[in-house]
Structure formats: structure tokens, C-alpha cells
Amino acid sequence: MRIAVLSDIHANLPALDAVIADAGDVDAVWHLGDVVGYGPDPDGVVERLQSIGAVGVRGNHDAAACGGSEIDWFNPDARRAMEWTRATIGSATATWLGELPERSTLNGFELVHGSPRKPIWEYVTSSGVALENLALLTAPVCLHGHTHVPVAWVEAGGRVELVRAARGSHLELGGRRALVNPGSVGQPRDGDPDASYAIVDPEAGVVSWRRVAYDVAAVQAAMRAAGLPASLSARLPLGL
Ligand code: ZN
């Protein structure tokens with residue numbers, strides 16, 4: 001069984017389409033939230049996810065797009081992009097985003113956007129935070145996003161081991177508890193501009209991280225045409 005795990009697509013349709021093409025024949029597509037925000041095509045991304053039957057959870061940008069007070073925590077450019085998103089999305093997109101749950105359990109995996117402790121907001125960026133969240137897992141493995149950096153935090157004898165998911169790397173879970181982050185499809189922040197995602201094989205207990213190039217210039221042009229903040233398009237080719 002092959003499951004494509006996508007997070008932080010951020011309304012970037014060329015990146016999403018490149019990932020779907022790269023993943024090929026999969027049994028399911030799971031997303032970990034922040035489907036919209038920053039990028040120029042929220043309706044197109046939601047339509048594509050609907051068309052391939054993707055299921056997943058709500059991120060802070062998805063909540064903000066539905067009118068949530070999460071927008072009050074955004075920096076000025078993220079807020080401008082979110083105000084544009086709110087004014088742009090159609091009712092079908094708003095309904096689909098509004099129905100996303102904060103957490104979900106699928107095939108024995110827990111899915112959240114941020115962390116098991118605070119599904120919408122918490123960033124897992126230290127071994128201390130990872131260890132506290134590993135203790136809260138309702139399933140052996142949690143799939144999460146939010147940081148836009150592909151890594152895994154794996155429990156090892158009461159400590160936590162950080163696995164930096166280099167391009168093409170694999171992780172054998174071996175029954176260990178872990179927090180697994182596929183990285184970001186639409187706005188990677190690990191210095192590599194290529195879209196990041198993961199393929200999970202639940203039976204084999206293996207996670208494989210993948211990177212795929214997409215037409216960054218096309219997304220930048222669409223962002224300019226939409227009047228989205230220049231800083232948000234400038235970061236895409238840098239992967240920051
Ligand atoms: Zn995000």
C-alpha cells in the first residue's frame with residue numbers, strides 16, 4: 001500500500017500537480033492542512049484535492065480562510081494574503097475547508113497540522129517539544145506539518161532522535177513512536193525550492209521522502225497578477 005502524504009500546499013497548484021504526477025499510482029492521498037494561504041490558487045487546489053479524493057485535517061491558514069481569529073496571529077504579509085484568500089475563495093472551497101477536522105486517525109496513523117498537543121498551532125522544532133508530544137500519541141505514528149521542513153522525530157529509549165529527511169531518504173519505523181513531517185508542497189523552507197512530500201507504506205512501516213521540481217515562475221506570475229505580497233513570491237525559488 002502506498003499513501004501520498006502532502007502538507008502545506010498553500011494554494012500552489014503547479015506544485016501540487018507536480019507532486020501528484022510524481023507520486024503516480026497511490027492507494028490514497030492524505031493532506032495535513034494549510035491547503036490555502038500565501039499562494040494564488042486556493043479554489044484550484046481544493047478542486048484538485050477533491051477530484052483525487054484527498055482526505056486530511058485543518059491548518060491555521062485553513063481556519064483563518066473560514067473567518068477564524070487565527071488571522072490575528074499572522075505577520076503583515078501573511079495577513080494580506082489571507083485577506084485576499086478570504087475575498088477570493090468560492091463557497092464550495094469555504095465549505096470544504098470548514099469541514100476539515102482538527103485531527104484524524106487513518107490506517108493507524110494520527111494526522112494533525114501542528115502537533116498532537118495543539119493540532120492547529122504548535123510547531124515541533126525541538127526534541128523537548130517532540131518528546132512531550134510523542135507521549136500524547138493515540139497511534140504509534142503521527143503525521144504532521146506546519147514547519148515546512150521535512151524531518152522525523154523518533155522515540156529511542158526514552159529520548160528522541162531527529163531524522164533530517166534528505167531528498168530520497170527512507171525511514172523504517174520498526175514499530176517505534178514517531179512524529180513524521182513530509183515537508184511542504186507549496187512553500188518549502190529548508191533551502192530547497194522543490195516541492196516536498198512523503199510516501200508512506202503502512203504495512204512495511206516505511207516512510208520515503210521525495211522532492212519534485214515545479215514551475216516556480218508560473219506561480220510567481222500568478223501571485224503578481226493577483227497582487228499578493230512580493231516577499232511571498234520572492235521566497236519560493238529560495239526555498240525559504
Ligand atoms: Zn503552512
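Relevant structure appears above.
Residues numbered from 1 in each chain as written. Predicted model: local features only at pLDDT ≥ 70, side-chain atom pairs only at ≥ 80, totals over all residues. Heavy atoms only, no water.

(A) Just the coordination of the zinc ion, in detail. For the zinc ion, every protein donor is listed as Asp8 (OD), His10 (NE2), Asp34 (OD) and His148 (NE2), and the spread of their distances is 2.1 to 2.4 Å. The coordination sphere of the zinc ion comprises four donor atoms, whose angles at the metal cover 86 to 175 degrees; the geometry is irregular. Of note, the zinc ion draws all its donor residues from one chain, in the sequence arrangement D-x1-H-x23-D-x113-H. Note that Asp8 is positioned in the loop between β1 (3-6) and α1 (13-23) and Asp34 in the loop between β2 (28-31) and α2 (42-51), a separation of 26 residues in sequence. Residue classification places Asp8 among the buried residues on the basis of a relative accessible area of 0%. (Donors = N, O, S within 2.8 Å, 3.2 Å for Na, K, Ca; no water. Tetrahedral: all angles 85-135°; square planar, octahedral: opposite > 155°, others 65-115°. Helix = DSSP H or I, 4+ residues; strand = E, 2+ residues; numbered from the N terminus. Buried < 20%, exposed > 50% of the residue type's maximum accessible area, 1.4 Å probe, protein only.)

(B) Layout of the sheet that holds strand β5 (residues 109-111). Spatially, six strands are ordered β4-β5-β6-β10-β7-β8 in an open sheet, and the strand pairing comes out mixed. The open sheet terminates on both sides in strands that have one partner only, identified here as β4 (104-106) and β8 (159-164). The sheet shows a mean angle of 25 degrees between the axes of neighbouring strands, taken without regard to direction. When strand β7 (residues 151-156) meets strand β10 (residues 178-181), the two strands line up antiparallel, connected through four bridges. (Pairing = 2+ DSSP bridges. Axes fitted to C-alpha atoms, helices over the stretch in contact; angles between N-to-C directions.)

(C) How the structure looks around helix α5 (residues 91-98). Where α5 is concerned, the buried positions are Thr93, Trp96 and Leu97. Each buried residue of α5 sits inside an arc of 95 degrees when the element is viewed along its axis, so together they form one side. (Arc of directions from axis to C-beta.)

(D) Structural detail: the pattern of salt bridges. With the rule as written, the count across this model stands at 13 salt bridges. The residue Arg117 makes a salt bridge to Glu122 at a minimum N-O spacing of 2.7 Å. Overall, the relative accessible area of 11% leaves Glu122 in the buried class. Here Arg117 ties to Glu132 by a salt bridge, and the two come within 2.8 Å at their closest N and O atoms. Within this pair, whereas Arg117 is found in the loop between β5 and α6 (127-134), its partner Glu132 is found in helix α6, the two being separated by 15 residues in sequence. Glu132 gets classed as partly exposed once you look at its relative accessible area, which sits at 42%. The structure contains a network of salt bridges with shared partners spanning Arg167, Asp190, Asp192, Asp194 and Arg211. (Salt bridge = Lys/Arg side-chain N within 4 Å of Asp/Glu carboxyl O.)

(E) Representation of helix α4 (residues 76-88). With 13 residues, α4 extends 18 Å between its outermost C-alpha atoms, agreeing within 8% with the 18 Å of an ideal straight helix rising 1.5 Å per residue. All of the buried residues in α4 are Ala78, Ala81, Met82, Trp84 and Thr85. The arc that holds the buried residues of α4, viewed along the axis, is 160 degrees, so those residues lie on one side. The outward face of α4, more than 90 degrees from its buried face, is lined by the exposed residues Pro76 and Ala87. Where α4 is buried, its residues meet α2, α3 (60-65), α7 (216-226) and α8 (230-234). (Expected span 1.5 Å × (residues − 1). Contact = heavy atoms within 4.5 Å.)

(F) Quick peek at unusual backbone geometry. Located in the positive-phi region is His146, a residue other than glycine, with phi close to 80 degrees. As for its placement among the helices and strands, His146 is situated in the loop between β6 (141-143) and β7. Among the residues examined, His146 registers a relative accessible area of 2% and is labelled buried. Positive phi is not limited to glycine here, since His148 has a value of about 65 degrees. Following the sequence through the fold, His148 ends up in the loop between β6 and β7.

(G) Just the sheet that holds strand β3 (residues 55-56), in detail. In spatial order, the strands read β3-β2-β1-β11-β12-β9; together these six strands make up an open sheet with mixed pairing. A strand with exactly one partner marks an edge of an open sheet, and here the two such strands are β3 and β9 (170-172). Bridging between β9 and strand β12 (residues 206-212) involves three bridges; their strand directions are antiparallel. Bridge pairing in β12 places His170 opposite Ser208. Contacting β1, β11 (195-201) and β12, α1 runs over the sheet at an angle of about 35 degrees to β11.

(H) Broad picture of the side chain of Glu122. With respect to the secondary-structure elements, Glu122 resides in the loop between β5 and α6. Within the structure, the side chain of Glu122 is placed 2.7 Å from the side chain of Arg117, a separation counted as a polar contact. Polar side-chain contacts of Glu122 include one of 3.0 Å to the side chain of Asn133. Residue contacts for Glu122: discarding those within four places in its chain leaves Gly114, Ser115, Arg117, Val129, Asn133 and His146. (Polar contact = N/O pair within 3.5 Å; in protein donor to acceptor, adjacent residues only side chain to side chain.)

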